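Here is how the chains run, residue by residue.
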Amino acid sequence: MQSLDKIKRRIRSIETTSKITGAMKLVATAKMKRLMNQHKVVHDFCQDFYDIIEILVKTIHPEDTKKKNENQTNLWILISSSLGLCGSFNINVCKHLMSKMKHDDKVIVIGRKGFNYLRSHDLLNSVIQHLDFSNNNLDYLEMLPLCEQIINEYHSHKFNTVRLVYTKFVNSLTFDPIDIQLLPFDSSLFQHLNPQDKKMSLDLDEKKREIEYEPSKEDILESSISIFIATTIFAAISESRVCENGARRNAMETATDNAKDLMNELTLEFNDARQQNITQEINEIVAGADGSSN
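Thresholds applied
Residues numbered from 1 in each chain as written. Predicted model: local features only at pLDDT ≥ 70, side-chain atom pairs only at ≥ 80, totals over all residues. Heavy atoms only, no water. Helix = DSSP H or I, 4+ residues; strand = E, 2+ residues; numbered from the N terminus. Buried < 20%, exposed > 50% of the residue type's maximum accessible area, 1.4 Å probe, protein only. Contact = heavy atoms within 4.5 Å. Areas by Shrake-Rupley, 256 points an atom, 1.4 Å probe, with all protein chains shown as cover. Patch = residues over 30% accessible without salt bridge, like charges linked within 9 Å, V, L, I, M, F, W, Y side chains within 5 Å. Salt bridge = Lys/Arg side-chain N within 4 Å of Asp/Glu carboxyl O. Pairing = 2+ DSSP bridges. Right-handed = clockwise from strand over helix to strand, strands pointing away.

Participant: Before we move on, can you summarise the overall build of the protein chain with the specific residues and values?
Facilitator: Helix and strand counts for the protein chain stand at seven helices and five strands. In the protein chain, the succession of α and β elements from N to C terminus is α-β-α-β-α-β-α-β-β-α-α-α. When the 294 residues of the protein chain are sorted by exposure, 42% land in the buried category. Considering only contacts within the protein chain whose residues lie at least 6 apart along the sequence, 75% involve residues at least 24 apart. Accessible area of the protein chain: about 16400 Å², with a carbon and sulfur share of 52%.

Shown next as structure tokens:
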């Protein structure tokens, strides 16, 4: 059995740790609520935006703009966090990527943890760019240079498809890593991005006769693609940050509960050890008294 002083030190150390994890849980909870409010604004905008883009894509290019490309290399955009202590949040999204990507695929990594994970698995040769956006204030304009680069490389036939991997918010306890195809456009993409009942109930056959394009369909499509990709990545980062802080809150709550359980076990062990010492001292006193009386 451990000495009383050693048990006391362990209890004090664990108590300090539980206070830290408890404070981190409160911070993560406050951040999550703030980010959820921000993401709700982004989400509401995206729903209407995706409705419009879906109409444009199906009206301008009924074949969903699919083009044959002899190059079978795919480009993946991985969204991870730059901070740790969020449970399996980063591991899950990175494992999802590795289960989908092929040997010759390339990756653009957003966040330090995803980059470190790929580096630890000897996949740095697959990483063509590593970005680390500000963890506090995310600016939509920061997405535009990245989107222009992606579109240019796709049009130059460097990549067959462009796919986005991020973590989707299900509820406060469940966060699922998913991937969606950004390029070429696929009809299922909009069903995934905007699955609820459409706010805009439009008959595309009727709209094809009503919509007038200026300057041209091609110009509208060209300008819409960059805005669409920037918006989708921005919304995915926003949703991933909600998931990150939710995962961190759950991890800190679990750590705090485990620390309290361990403190209770050590307190029982301390009381047991102290009781044994008291009993031993009493026995020694009684034995001494019996010896002196004899």
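The discussion continues.
Participant: Residue-level account of a nonpolar patch on the surface, with values.
Facilitator: A cluster of nonpolar side chains, I278, I282 and V286, forms an exposed patch at the surface whose accessible area comes to about 240 Å². Summarising the element assignment, I278 is placed in helix 7 (residues 217-293). Given a relative accessible area of 38%, I278 falls into the partly exposed group.

Participant: A description of the pairing of strand 4 (residues 161-169) should follow, citing residues and the corresponding values.
Facilitator: Strand 4 sits mainly inside the fold: seven of its nine residues count as buried. Judged from the five bridges that link them, strand 1 (residues 74-79) and strand 4 form a sheet pairing that is parallel. Residue pairing for strand 4: I77 is matched across the bridge by L164. Direction of pairing for strand 4 relative to strand 5 (residues 175-183): antiparallel, over a ladder of eight bridges. For L164, the partnering residue across the bridge sits in strand 5 and is I180. The turn linking strand 4 back onto strand 5 is made up of five residues.

Participant: Quick rundown of the side chain of S238? Include the residues and the values.
Facilitator: Locating S238 in the fold gives a position in helix 7. When near neighbours in sequence (up to four residues on either side) are disregarded, S238 contacts H39 and V42.

Participant: So what's going on with the pairing of strand 2 (residues 106-110)? Which residues, and what values?
Facilitator: Burial analysis of strand 2 places four of its five residues in the buried class, the great majority of the element. One ladder, built from five bridges, connects strand 1 with strand 2; its direction is parallel. When the bridges of strand 2 are listed, I79 appears paired with I110. You can see the chain leave strand 1, run along helix 2 (residues 89-100) and come back into strand 2, and the turn it takes is right-handed. Relative to strand 3 (residues 127-131), strand 2 runs parallel, the two sharing four bridges. Note that in strand 3 the partner of V109 across the bridge is H130. In terms of handedness, the path from strand 2 via helix 3 (residues 112-120) over to strand 3 forms a crossover that is right-handed.

Treat this as a map of the structure, not an account of what it does.
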